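# Secondary and tertiary structure notes
Read off the chains here:
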Amino acid sequence: MSELRLALEVPRWAGRFYAEHWRLIVGLSLVASVQRLVVVNWGDEVPGGVALASEVVVVVARVLLVVAIWRLATRGERLRWKNFTAFTARHWPSLVWQAVFLAVAFLVFDLGAEQGVGGLLPDAARQTYLAVLLFVKNPTVIAFTFVWWIGLIRQTAVSRPAPVG
């Protein structure tokens, strides 16, 4: 199997996983979406204590999301450190591809959408654009990245039978 094909298994798996569990993923992600929309768009009107408390709620929701993804993704699987070290030694080019894919996603969705497009907007529209963008990114890009990272761990550390041939 080519290293590129092996690397592509993870985002494909992540897509299937996300599609299967989208209600849970989007539901928990909406906590951060709503918080970002309110705090970024109307931050001057949100009292400091409320803003801080809402950040704590976002962290808790994200931890719950990662735990839920982890539990669903690894249910019935055996993860082993020796599998991880063997995979990384044998398939390091696949991991380089993974880094390239994630870097491209960062460039497009963070630098491109947030910095690039946001920088082109007039000052009056920039804050609202950022608030809406963060509202959309939380249940999509950010949540998918969590699934992708857990899929990568799963790919590298799950016990598998040795390939035949």
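Here, every reference points to the structure presented above.
Computed from a prediction, not measured in an experiment: that's the story for all the values here. (Residues numbered from 1 in each chain as written. Predicted model: local features only at pLDDT ≥ 70, side-chain atom pairs only at ≥ 80, totals over all residues. Heavy atoms only, no water.)

## Things to note about the packing of helix α1 (residues 3-20) against helix α5 (residues 92-120)
Relative to each other, α1 and α5 sit at 50°, their axes nearing to 8 Å. Judged by the inter-axis angle, α1 sits oblique to α5. Considering the relative orientation of α1 and α5, their crossing is right-handed. On α5, the residues that touch E3, L4, L6, A7, L8, V10 and P11 of α1 are P93, S94, W97, Q98 and F101. Of the residues contributing to the contact of α1 with α5, the split by class is nine nonpolar, two polar and one charged. (Axes fitted to C-alpha atoms, helices over the stretch in contact; angles between N-to-C directions. Helix = DSSP H or I, 4+ residues; strand = E, 2+ residues; numbered from the N terminus. Parallel < 35°, antiparallel > 145°, perpendicular 65-115°, else oblique. Left-handed = near helix turned anticlockwise from the far one by under 90°. Contact = heavy atoms within 4.5 Å. Nonpolar A, V, L, I, M, F, W, Y, C, P; charged D, E, K, R; others polar.)

## Description of helix α2 (residues 22-41)
Between its terminal C-alpha atoms α2 stretches 26 Å, which fits the 28 Å expected from 20 residues at 1.5 Å a residue. Approximately 30° is the largest bend angle found in α2, and it occurs at L30. Taken as a whole, α2 has its buried residues at I25, V26, S29, A32, S33, Q35, R36, V40 and N41. As for α2, its buried residues are in contact with α1, α3 (48-74) and α6 (123-157). (Expected span 1.5 Å × (residues − 1). Bend = angle between axes of the 7 residues up to and from the residue. Buried < 20%, exposed > 50% of the residue type's maximum accessible area, 1.4 Å probe, protein only.)

## Some points on the environment of G119
Mapped onto the fold, G119 is located in helix α5. Once residues lying within four places of it in the same chain are set aside, the contact partners of G119 are E114 and R126.

## Brief notes about the environment of L133
Structurally, the position occupied by L133 is in helix α6. When the C-alpha positions of L133 and F109 are compared, they lie 9.6 Å apart, and in sequence the two are 24 residues distant. If we skip the residues at most four places from it in the chain, L133 touches A113 and E114.

## Thoughts on the packing of aromatic side chains
According to the stated counting rule, one finds six aromatic pairs in the structure shown. An aromatic cluster of three or more residues is present, and its members are Y18, W97, F101, F144 and W148. (Phe/Tyr/Trp six-rings, centres within 6.5 Å; stacked < 30°, edge-to-face > 60°.)

## Side note on a nonpolar patch on the surface
Taken together, the side chains of L4, W92, V96, W97, V100, V104, V108 and F109 present a nonpolar region at the surface, about 710 Å² in accessible area. A total of seven residues in the nonpolar patch trace back to one element, the largest contributor, which is α5. Considering the arrangement of structural elements, one finds V108 in helix α5. A relative accessible area of 46% means that V108 is categorised as partly exposed. (Patch = residues over 30% accessible without salt bridge, like charges linked within 9 Å, V, L, I, M, F, W, Y side chains within 5 Å. Areas by Shrake-Rupley, 256 points an atom, 1.4 Å probe, with all protein chains shown as cover. Salt bridge = Lys/Arg side-chain N within 4 Å of Asp/Glu carboxyl O.)

## Quick notes on the side chain of T156
Tracing the sequence through the fold places T156 in helix α6. Given a relative accessible area of 3%, T156 falls into the buried group. In terms of polar contacts, T156 uses its side chain to reach the backbone carbonyl oxygen of I153, at 3.0 Å. In this view, T156 contacts N83, F84, F87 and L95; residues no more than four positions away in its chain are not counted. (Polar contact = N/O pair within 3.5 Å; in protein donor to acceptor, adjacent residues only side chain to side chain.)

## Brief notes about the pattern of salt bridges
Overall, the coordinates contain five salt bridges when judged by the stated rule. Residue E114 pairs with K137 through a salt bridge whose shortest N-O separation is 2.9 Å. Placement of E114 in helix α5 and of K137 in helix α6 is noted, with a sequence separation of 23 residues between them. Taking the shortest distance from any N to any O, the salt bridge between R126 and D123 comes out at 2.8 Å. With R126 and D123 both in helix α6, this residue pair falls three residues apart, about one helical turn. Owing to a relative accessible area of 31%, R126 belongs among the partly exposed residues under this scheme. The class of D123 is exposed, set by a relative accessible area of 63%.

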